[in-house]
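Read off the chains here:
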There are 2 protein chains.
Amino acid sequence: MVDTAQRPAPRSPQKSAAASATSETEKTAATPTTTAVDPSVNTGPIKIAGDPTAPRVDLEQLGRALLGTWADVRLAARKLTAQPELQRIEGQSMAEHRARVREQMQILADNGHVLRAFPTSLGGHDDHGGNIAGFEELVTADPSLQIKGGVQWGLFGAAVLHLGTQKHHDALLPDIMSLKVPGAFAMTEIGHGSDVASIGTTATYDPETEEFVIHTPFKAAWKEYLGNAANDGIAAVVFAQLITQGVNHGVHAFYTPIRDENGDFLPGIGGEDDGLKGGLNGIDNGRLHFTNVRIPRENLLNRYGDVAFDGTYTSSIGSPGRRFFTMLGTLVQGRVSLDGSAVAASALGLTIAITYAGQRRQFTAGSDTDEEVILDYQRHQRRLLPRLATTYAATFAHDEFLVKFDEVFSGKADTDDDRQDLETLAAALKPLSTWHALDTLQEAREACGGAGFIAANRLVGLRADLDVYATFEGDNNVLLQLVAKRLLTDYSKQFAKADAGALARYVVKTAADRAYNGTGLHRLTQNVVDLGSTARSVGALRETALQRELLTDRVESMIATAAGVLRPASKLPKKQAADLFNSQQNELIEAARAHGELLQWEAFTRAVDSTTDAGTKQVLTWLRDLFGLGLIEKHLSWYLINGRLSAQRAAAITAYIDRLIARIRPHAQDLVDAFGYTQDHLRAPISSGAEAERQAEARAYYRDQRASGTAPIDEKATKKHK
Amino acid sequence: MVDTAQRPAPRSPQKSAAASATSETEKTAATPTTTAVDPSVNTGPIKIAGDPTAPRVDLEQLGRALLGTWADVRLAARKLTAQPELQRIEGQSMAEHRARVREQMQILADNGHVLRAFPTSLGGHDDHGGNIAGFEELVTADPSLQIKGGVQWGLFGAAVLHLGTQKHHDALLPDIMSLKVPGAFAMTEIGHGSDVASIGTTATYDPETEEFVIHTPFKAAWKEYLGNAANDGIAAVVFAQLITQGVNHGVHAFYTPIRDENGDFLPGIGGEDDGLKGGLNGIDNGRLHFTNVRIPRENLLNRYGDVAFDGTYTSSIGSPGRRFFTMLGTLVQGRVSLDGSAVAASALGLTIAITYAGQRRQFTAGSDTDEEVILDYQRHQRRLLPRLATTYAATFAHDEFLVKFDEVFSGKADTDDDRQDLETLAAALKPLSTWHALDTLQEAREACGGAGFIAANRLVGLRADLDVYATFEGDNNVLLQLVAKRLLTDYSKQFAKADAGALARYVVKTAADRAYNGTGLHRLTQNVVDLGSTARSVGALRETALQRELLTDRVESMIATAAGVLRPASKLPKKQAADLFNSQQNELIEAARAHGELLQWEAFTRAVDSTTDAGTKQVLTWLRDLFGLGLIEKHLSWYLINGRLSAQRAAAITAYIDRLIARIRPHAQDLVDAFGYTQDHLRAPISSGAEAERQAEARAYYRDQRASGTAPIDEKATKKHK
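Just so it is clear, the structure is predicted and the values come from calculations on it, not from any experiment.

**Details of the UniProt feature "domain: Acyl-CoA oxidase C-terminal" (unreviewed entry) in chain A**
Part 1: Taken from the UniProt record, the annotation "domain: Acyl-CoA oxidase C-terminal" (unreviewed entry) applies to residues 574–687 of chain A.
Part 2: Helix makes up 80% of residues 574–687 of chain A and strand 0%, and the two end C-alpha atoms of the span are 57 Å apart.

Right, here's the structure in full:
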């Protein structure tokens with residue numbers, strides 16, 4: 001349920017404007033409006049909201065849709081993040097910030113907010129989806145808190161939960177949950193970021209003492225960038241190559257104490273502080289290395305592989321490759337929560353920038369006396385509204401992703417296929433949403449000019465903190481390549497029994513003929529031919545089926561083309577096969593991105609379909625069309641080169657996007673208010689209403705001056721007079 | 001002259017590797033190579049450097065070309081910026097950083113490095129171009145130092161120099177130059193960033209006392225974001241509407257003391273500290289406001305407008321509009337230096353990321369044992385090499401811009417047309433280079449993964465500091481709109497005497513016919529038709545004349561189309577005319593960007609033409625082609641929609657870019673080394689050679705293990721065996 005008492009962020013000056021008495025407009029401006037753009041603030045060339053026949057957004061319904069499946073958890077989390085003691089203080093030194101986040105961690109541990117995923121028997125709720133939904137909201141308080149919490153409970157604790165067995169849960173989880181044992185997740189090595197399978201750290205079993213010997217054989221195998229490693233961690237889950245009886249069984253996880261009760265490293269363990277970072281400086285990231293550190297055999301987290309006292313290795317999963325991916329797959333929640341928190345950060349940034357743009361005025365254009373509201377400039381709309389559409393798409397896609405995650409982790413639907421689909425979804429969506437957040441926060445910052453650069457207005461801090469989301473929990477480019485490989489596999493499965501000729505024919509058909517025979521495109525051509533009307537044929541572009549056809553076709557064709565080029569690879573020597581694959585790498589990653597965009601578009605479309613309020617549905621449809629056609633415009637040259645769109649149709653897309661943006665403009669404030677963040681979450685003076693107040697004061701000054709006849713004459717006017 | 005002793009940044013481990021003895025490869029790696037990629041470090045799928053017939057870059061010649069017209073000044077400045085006492089210390093608090101930059105300012109004032117633009121009679125050199133060239137290099141020491149120096153000498157001091165007259169120079173400049181009087185440049189108001197003509201602050205002349213009364217009439221007129229305002233400034237050049245005898249003569253500049261000897265504000269003056277910002281925290285930005293502050297009549301900087309004791313206003317420039325733009329035009333050096341320092345920051349970022357990418361290995365692909373150097377991945381090349389090409393283009397364009405600036409300011413060529421051209425050049429190039437720097441530093445950061453996020457590796461700090469370059473000294477979008485207006489004016493001048501029909505015919509011709517009749521495009525069509533050979537016709541794309549034709553045509557056509565749409569505006573009511581212009585705003589800004597890109601391309605082409613060494617010329621030509629064709633690829637849909645390129649030709653461009661990138665790859669290290677920055681400027685551990693050392697150690701470990709037969713057997717191998 002949406003708690004309306006918490007919303008909306010005031011779009012116009014309230015308390016302070018009411019307390020002042022400089023202008024008669026302020027009385028109007030001080031009246032909070034919740035369903036339309038305040039006309040006293042937003043006068044400009046495009047005004048549809050004033051039209052009584054124009055659609056109106058039902059903020060209640062839309063807000064609920066955006067909150068998604070775990071709305072109650074999110075609202076509870078937002079009550080928590082509205083509390084100042086959990087919020088970031090801009091400008092703290094690294095030491096102060098670390099200390100503050102450490103204290104905040106204890107608040108979270110004590111109130112149980114972050115423990116929903118743990119077993120009910122241990123005080124959790126076995127609620128995987130809800131846990132992530134609540135976690136993501138922490139980003140609005142301080143991304144450092146979100147990520148440090150993620151390290152403790154989502155990585156370190158989750159590794160014990162998912163890779164360990166009952167004995168580990170009982171012995172270790174209570175202290176991890178309560179934060180009595182802060183820990184590091186020691187997977188990444190300085191020499192092996194994304195290629196976890198190749199890490200250098202070894203855990204060699206010694207049957208004499210029934211111990212594993214954890215060892216760092218060279219500097220590139222130092223564990224690196226680990227939260228909790230520089231200071232707070234007293235244990236770690238260390239990932240290492242498990243070697244027993246002379247055989248390397250691949251990467252496994254080992255529970256390893258690292259510091260004593262005084263905070264000093266245990267014998268054989270060393271490390272360094274990563275020091276200052278580009279953001280997230282509330283987290284004590286650091287490096288660890290191990291010199292023949294002995295741990296008991298039982299410290300192997302043995303859910304997917306075990307070593308008997310005599311050194312015999314056993315596993316429920318025969319294939320080492322599948323075992324590795326299964327183990328890593330249990331840790332997918334990191335990517336899920338990054339996707340969700342990146343979307344939340346984008347929503348915050350746009351709420352700040354769009355609210356400000358609806359109040360700020362600059363340059364006179366259509367009037368001698370009144371400056372334009374900057375959101376009425378076409379360029380400003382082009383900068384912010386398509387990003388708003390993408391944020392909506394990413395919000396809806398994230399909720400579906402979270403539902404899928406919950407189904408797999410709750411056991412409701414956790415076949416191998418489900419797990420693989422979840423992995424692919426994570427690898428497709430996390431890159432898109434994290435890059436989108438950086439792009440959006442930067443555009444929002446620039447759209448607010450110098451005010452956007454002031455730390456108090458939060459855009460620069462959020463951007464700095466979210467920067468690393470693009471490369472941690474899987475580098476975005478590497479993740480997209482994983483998606484591409486999955487698409488190639490799916491594609492080749494379709495033709496597993498077909499001969500090479502059939503495949504070649506398919507590729508040709510996909511790359512050329514299909515464009516003119518597919519249902520959607522056929523319809524478009526017909527409109528042009530039969531009706532000869534630009535307006536009517538442009539209208540076809542907003543048909544859901546046609547957008548789907550165009551977006552799907554591009555993914556399929558790109559994959560089919562690459563598959564055709566790569567087909568000889570299986571018969572080539574390794575080096576040549578690698579070179580061939582490398583020649584397609586960029587295109588494959590672009591195909592994976594197109595796939596992710598299609599997933600977002602499909603989720604957005606389902607959200608539109610399930611909207612019942614007519615006005616809301618109309619506005620959401622425009623926004624979905626803006627997203628879909630924006631994707632087609634972005635990749636327009638592909639559609640033209642591959643004969644999917646004629647030059648005339650292509651030109652019509654850009655013109656139609658301009659029209660959509662003009663239609664959406666009057667609803668922009670509603671669309672950001674619907675995210676449901678209050679001033680307690682935004683905490684940006686520029687979107688508090690102060691700007692509208694300042695504008696009102698300045699305009700009143702000039703109006704009074706004109707009315708009183710005391711205004712100085714403009715020199716230009718004196719010249720004209722002469 | 002290039003000081004070769006200062007170059008190059010070591011591309012492979014030197015001292016530390018030589019001191020170690022873990023690997024036989026290090027002997028090779030420790031040998032510095034200056035003309036080709038070190039084969040021990042850069043093995044990968046694409047190796048042309050090993051081919052004795054492949055072109056080689058003459059680093060000496062290329063380095064000299066990149067240093068540009070004021071090479072000696074730049075080299076002297078780089079000796080200065082190599083000194084630790086002028087460099088940024090990452091992680092300092094805002095207070096510490098401000099204090100450090102304040103001390104560094106005095107070092108600069110004392111050694112005279114920053115005073116070249118001031119009159120020789122006062123100890124300067126009257127050297128405008130050299131002054132900016134030297135200034136820009138400060139960005140490698142600390143952008144805060146560059147910008148705080150820019151505030152003092154380039155804005156505050158330059159306003160006195162260019163807007164004041166001899167009496168002001170003699171009385172004020174010596175103390176400004178020596179830093180005895182630190183000052184603020186009080187132009188921007190919180191309510192009027194880019195629209196300086198509309199500022200609210202007034203300077204009303206009182207003939208009774210022969211004083212100007214400086215006054216802030218409302219909160220939106222507070223002066224904002226002023227460097228030196230929060231703490232250090234004891235005077236300011238205040239921009240205000242000059243009102244005398246009841247007439248407003250527009251914006252003029254007034255020298256105004258603001259603090260007393262104790263650092264307290266003088267009566268009537270107040271202010272606030274802007275506090276923490278997204279970057280540049282070594283500068284004490286703040287706000288100022290004035291309540292009926294009286295200053296002597298002589299404090300008006302009266303070069304372009306003066307007020308006699310009785311209040312009579314006189315000016316050498318009759319038109320208030322032209323007077324305003326002339327006054328602002330004298331302050332263009334801010335934009336010049338931002339352009340140059342943004343280019344320098346891009347060069348630093350790429351040197352770091354490309355050096356690292358040539359040493360770092362990740363994932364095996366073409367071998368069972370050797371991981372690939374990441375710069376050999378196609379995607380990684382696609383991420384970094386086109387940005388390298390753009391940085392070269394921006395470097396050469398900046399030098400031409402600086403020459404133009406010097407000609408205008410030295411009086412060598414300073415007609416009204418020259419000044420307007422300079423303004424347009426500034427408005428076109430500064431947005432492109434500052435956005436490019438942010439994009440490049442971000443991509444460099446991500447390309448270095450987690451290591452890129454560590455502050456010690458400098459990419460995040462540079463990016464944070466340069467962020468605001470996109471919106472200060474003219475918001476980038478506003479500047480591009482100025483360029484577009486200039487292009488529209490130039491365009492309409494061509495048809496000043498033509499009737500509407502002639503114009504319409506021109507537009508039609510431009511938008512359609514010309515594509516098939518222009519020399520370059522005609523030739524392309526011929527190649528396709530006559531020779532029927534894809535290879536030959538693709539080759540035409542690298543012809544200079546064809547690239548120029550395609551790039552020029554786009555700018556002209558976009559402007560012609562917009563001009564056609566806007567033609568009725570002059571006959572419309574103001575509001576409707578404004579709406580019509582607004583409907584074209586986005587497209588006009590894109591046209592301005594295309595114009596700026598063309599200017600960069602032309603400068604790059606001239607630099608290629610003036611290169612004498614054959615190998616260098618070949619590699620530079622590839623890089624110029626990558627830049628030019630990259631622009632065409634970016635805007636490919638425009639070329640397709642407007643019939644300038646066939647679908648086949650368009651597809652060939654992407655394929656040809658792939659080939660160009662593969663050719664440039666072996667020269668990537670040379671191309672960044674040629675920028676000439678040493679480790680003293682880079683100061684990033686990841687590009688120090690440490691990575692190559694670490695890789696060598698790890699590879700030696702595994703090689704020794706394999707040789708000795710002690711390597712554990714891979715589980716997969718045991719399964720295959722069975």
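That was the structure; now back to the text.
**Focus on the pairing of strand 2 (residues 202–206) of chain B**
Residues and elements named next belong to chain B.
Part 1: Judged by how many residues are buried, strand 2 sits mostly within the fold: 4 of 5 residues are covered.
Part 2: Across 5 bridges, the pairing between strand 2 and strand 3 (residues 211–215) is antiparallel. Among the inter-strand pairings, Ala203 is bridged to a residue of strand 3, identified as Ile214.
Part 3: Both strand 2 and strand 5 (residues 235–244) contribute to a ladder of 3 bridges, which runs parallel. Looking across to strand 5, one finds that Ala203 is bridged to Leu242.

**Quick word on the relation of the copies chain B and chain A**
Part 1: Each copy superposes on the other: chain B lies on chain A with an RMSD of 0.0 Å after a rotation of 180° and an axial shift of 0.0 Å. The two molecules are tied by a two-fold rotation axis, judged by turn and shift. Closest approach to the rotation axis within chain B is made by the C-alpha atom of Ser637 of chain B, at a distance of 2.1 Å.
Part 2: The overlap is high: 100% of the interface residues of chain B also sit at the interface in chain A, so the same surface is used on both sides.

**Remarks on the pattern of salt bridges**
Residues and elements named next belong to chain A.
Part 1: The tally for this structure, following the rule as stated, stands at 89 salt bridges over all chains.
Part 2: Between Asp658 and Arg382 there is a salt bridge, with its nearest N and O atoms 3.1 Å apart. With Asp658 in helix 23 (residues 647–664) and Arg382 in helix 11 (residues 378–410), this pair connects stretches of sequence that are 276 residues apart.
Part 3: Its relative accessible area of 27% is what places Asp658 among the partly exposed residues.

**Brief notes about the packing of aromatic side chains**
Part 1: Scanning the entire structure with this criterion turns up 32 aromatic pairs over all chains.
Part 2: Seen from their ring centres, Phe156 of chain B and Tyr255 of chain B are 6.0 Å apart, and the 25° between their planes marks the pair as stacked. One end of the pair, Phe156 of chain B, is in helix 7 (residues 143–163); the other, Tyr255 of chain B, is in strand 6 (residues 247–257), with 99 residues separating them in the sequence. One exposure class covers both Phe156 of chain B and Tyr255 of chain B, and it is buried.
Part 3: In textbook terms, an aromatic cluster arises when at least three aromatic residues are bridged by ring pairs, as seen for Tyr392, Phe396, Phe604, Phe627 and Phe675 of chain A.
Part 4: The side chain of Lys219 of chain A reaches across the aromatic face of Trp222 of chain A, ending 4.7 Å from its centre.
Part 5: The positively charged end of Arg419 of chain B is found above the aromatic ring belonging to Phe409 of chain B, 5.7 Å away from the centroid.

**Thoughts on the interface of chain B and chain A**
Part 1: Listed per partner, the contact involves 100 residues of chain B and 100 residues of chain A.
Part 2: When chain B packs against chain A, close to 8300 Å² is buried across both sides, 55% of that on carbon and sulfur atoms.
Part 3: Together, Arg379, Phe453 and Glu715 of chain B form the three largest contributors to the area buried by chain B at its contact with chain A, with a combined 10%.
Part 4: Put simply, chain B and chain A have 8 salt bridges between them.
Part 5: Residues Arg379 of chain A and Glu590 of chain B are paired through a salt bridge, measuring 3.0 Å at the closest nitrogen-oxygen approach.

**Focus on the sheet that holds strand 8 (residues 286–290) of chain B**
Residue and element names in this part refer to chain B.
Part 1: The strand order across the open sheet built from 3 strands is 4-8-7, with neighbouring strands paired in antiparallel fashion. The open sheet has two free edges, formed respectively by strand 4 (223–226) and strand 7 (269–273), since each of these has just one partner strand. With direction set aside, neighbouring strand axes in the sheet form an average angle of 20°.

What counts, and at which threshold
- Residues numbered from 1 in each chain as written.
- Chains lettered and ligands numbered in written order.
- Predicted model: local features only at pLDDT ≥ 70, side-chain atom pairs only at ≥ 80, totals over all residues.
- Heavy atoms only, no water.
- UniProt positions renumbered as here; feature names shortened; annotations may be inferred.
- Helix = DSSP H or I, 4+ residues; strand = E, 2+ residues; numbered from the N terminus.
- Buried < 20%, exposed > 50% of the residue type's maximum accessible area, 1.4 Å probe, protein only.
- Pairing = 2+ DSSP bridges.
- Least-squares fit on C-alpha atoms with pLDDT ≥ 70 in both.
- Contact = heavy atoms within 4.5 Å.
- Salt bridge = Lys/Arg side-chain N within 4 Å of Asp/Glu carboxyl O.
- Phe/Tyr/Trp six-rings, centres within 6.5 Å; stacked < 30°, edge-to-face > 60°.
- Lys NZ or Arg CZ within 6 Å of the ring centre and 35° of its normal.
- Buried area = accessible area lost by both parts, 1.4 Å probe.
- Axes fitted to C-alpha atoms, helices over the stretch in contact; angles between N-to-C directions.

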